[in-house]
Amino acid sequence: MRYHTPTSFADAATIAAGTTGTLRFLAGGTDVLVQMRAGMVQPDDLIDLKHIPGVDQVTQTPEGGWRIGVAVPGIVLGAHVGLVRDWPGVVEGMNLVGSTQVQGRATLAGNLCNGSPAADSVPGLIAAGAVATITGPKGSRDIPVEQVPAGPGRTNLAKGEVISAITLPPRGKNGGDAYLRFIPRTEMDIAVVGCAVSLRLQGDKIVEARVALGAVAPTVILSEAAAKAIIGTTLDEAALAALAKAAEAEAKPISDKRGTKEFRIDVAGVLARRAAKIAYDRAKGMSK
């Protein structure tokens, strides 16, 4: 195995583009190192991104959003006052990834690139409208986070491309978000269903919304129908019922050892209702 320590993302992309065998990037390492230890993958080239300046930093953008380096671990996100204030749903999703020990290493970018439809951090990022900066041999480009996953264990990144940052937009006034998941145990388990809701209010009325569903399709679903069900409403019972119905209709899960198809569809509606209520209360300043 060839171990690389580039000091810029341009160099990392150049190295990646020149590889011919199995390639893995190393940021937090909570997926790739476990896979290597288990013999699931043996990279010909391992590119360690932690030597690149800024990868371990959370910085505020000039517009008021947040730029998150690819090696920022979950424990740092959870302790970041500004990020927790603006995007609590994103942070609480990442906080559900693994144990305390794993939190010390696991990263948003790694969780996203692992390609799991049940990844806890991804629905919150998608609901927030987060953007991934992709660096490749031809330069950098920005794409919505929802365009990164291609299916279980796969991404839409081209050969030589690597995520170089994730950026959350400015939260602005009267906004709130939330993420909830259902698991069989109280912790340390994979989501059977996950749901993130982000919304903005004008007075008591919802004027913007994004709803993302996890673990109910090959990739996380950004549901326009679910968002439309609550936009223009005060999140009354009729709106919540319409939201649940839309979430259930969008869900296309499989039956497996963690839950039946029918059960997961039902849970998608339940979680959408609950997450929307939390996000609405946060937008009203009624809860943290």
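No experiment lies behind these values; they were computed from the predicted model shown. (Residues numbered from 1 in each chain as written. Predicted model: local features only at pLDDT ≥ 70, side-chain atom pairs only at ≥ 80, totals over all residues. Heavy atoms only, no water.)

Asks: So what exactly am I meant to see when it comes to the overall build of the protein here?
Replies: Regarding its fold elements, the protein presents eleven helices and 14 strands. Taken over C-alpha atoms, the radius of gyration comes to 19 Å for the protein, in line with the 19 Å a tight globule of 288 residues would show. Taking the principal axes of its C-alpha atoms as reference, the protein extends roughly 60 × 45 × 35 Å. Classification of the 288 residues of the protein by burial places 52% in the buried group. Look at the contacts in the protein between residues 6 or more apart in sequence, and 58% of them connect residues 24 or more apart. Roughly 13200 Å² of accessible area belongs to the protein as shown, and the carbon and sulfur atoms make up 54% of that amount. Positive and negative side-chain charges of the protein, numbering 31 and 27 respectively, have mean locations separated by a distance of 1 Å. (Helix = DSSP H or I, 4+ residues; strand = E, 2+ residues; numbered from the N terminus. Rg over C-alpha atoms; globule rule 2.2 N^0.38 Å. Buried < 20%, exposed > 50% of the residue type's maximum accessible area, 1.4 Å probe, protein only. Contact = heavy atoms within 4.5 Å. Areas by Shrake-Rupley, 256 points an atom, 1.4 Å probe, with all protein chains shown as cover. Lys, Arg positive; Asp, Glu negative; His and termini not counted. Charge placed at Lys NZ, Arg CZ, Asp CG, Glu CD.)

Asks: Just checking my understanding: could you explain the pairing of strand 6 (residues 131–136) for this structure?
Replies: Look at any regular strand and the pattern is simple: side chains alternate between the two faces of the sheet. With five of its six residues buried, strand 6 lies for the most part within the structure. Here strand 6 pairs with strand 7 (residues 139–144) via six bridges, running antiparallel. From the neighbouring strand, A132 faces strand 7, where its bridge partner is I143. Once strand 6 ends, the chain turns through two residues before running back antiparallel as strand 7. Summarising the sheet, strand 6 and strand 10 (residues 162–168) pair through five bridges and their orientation is antiparallel. Bridged to T135 within strand 10 is V162. (Pairing = 2+ DSSP bridges.)

Asks: What exactly am I supposed to notice about the sheet that holds strand 4 (residues 58–60) here?
Replies: By definition, the strands of a sheet pair up through backbone hydrogen bonds, in either a parallel or an antiparallel sense. The strand order across the open sheet formed by five strands is 4-5-10-6-7, and the pairing between neighbours is antiparallel. Here the strands that pair on one side only, and so sit at the sheet edges, are strand 4 and strand 7. Sheet twist, expressed as the average angle between the axes of neighbouring strands with direction ignored, equals 25°. Relative to strand 5 (residues 66–68), strand 4 is paired through three bridges, and the arrangement is antiparallel. Looking across to strand 5, one finds that V58 is bridged to I68. (Axes fitted to C-alpha atoms, helices over the stretch in contact; angles between N-to-C directions.)

Asks: Just to check I follow, could you spell out the pattern of salt bridges for this structure?
Replies: A side chain with one charge can pair with a side chain of the opposite charge if their charged atoms come near. Applying the stated criterion across every chain, the model contains twelve salt bridges. One salt bridge connects D48 with K50, and the closest N-O pair in it is separated by 2.9 Å. (Salt bridge = Lys/Arg side-chain N within 4 Å of Asp/Glu carboxyl O.)

Asks: Is there a simple way to think about helix 11 (residues 261–283) in this case?
Replies: The α-helix winds at 3.6 residues per turn, so residues separated by three or four positions along the chain end up facing the same way. With 23 residues, helix 11 extends 33 Å between its outermost C-alpha atoms, agreeing within 8% with the 33 Å of an ideal straight helix rising 1.5 Å per residue. Those residues of helix 11 that sit buried are R264, V267, A268, G269, L271, A272, A275, A276, A279, Y280, R282 and A283. In the core, the buried residues of helix 11 are packed alongside helix 5 (88–94), strand 11 (175–182), strand 12 (193–202), strand 13 (205–214) and helix 10 (237–250). With its phi angle positive at about 75°, G285 sits one or two positions after the end of helix 11. (Expected span 1.5 Å × (residues − 1).)

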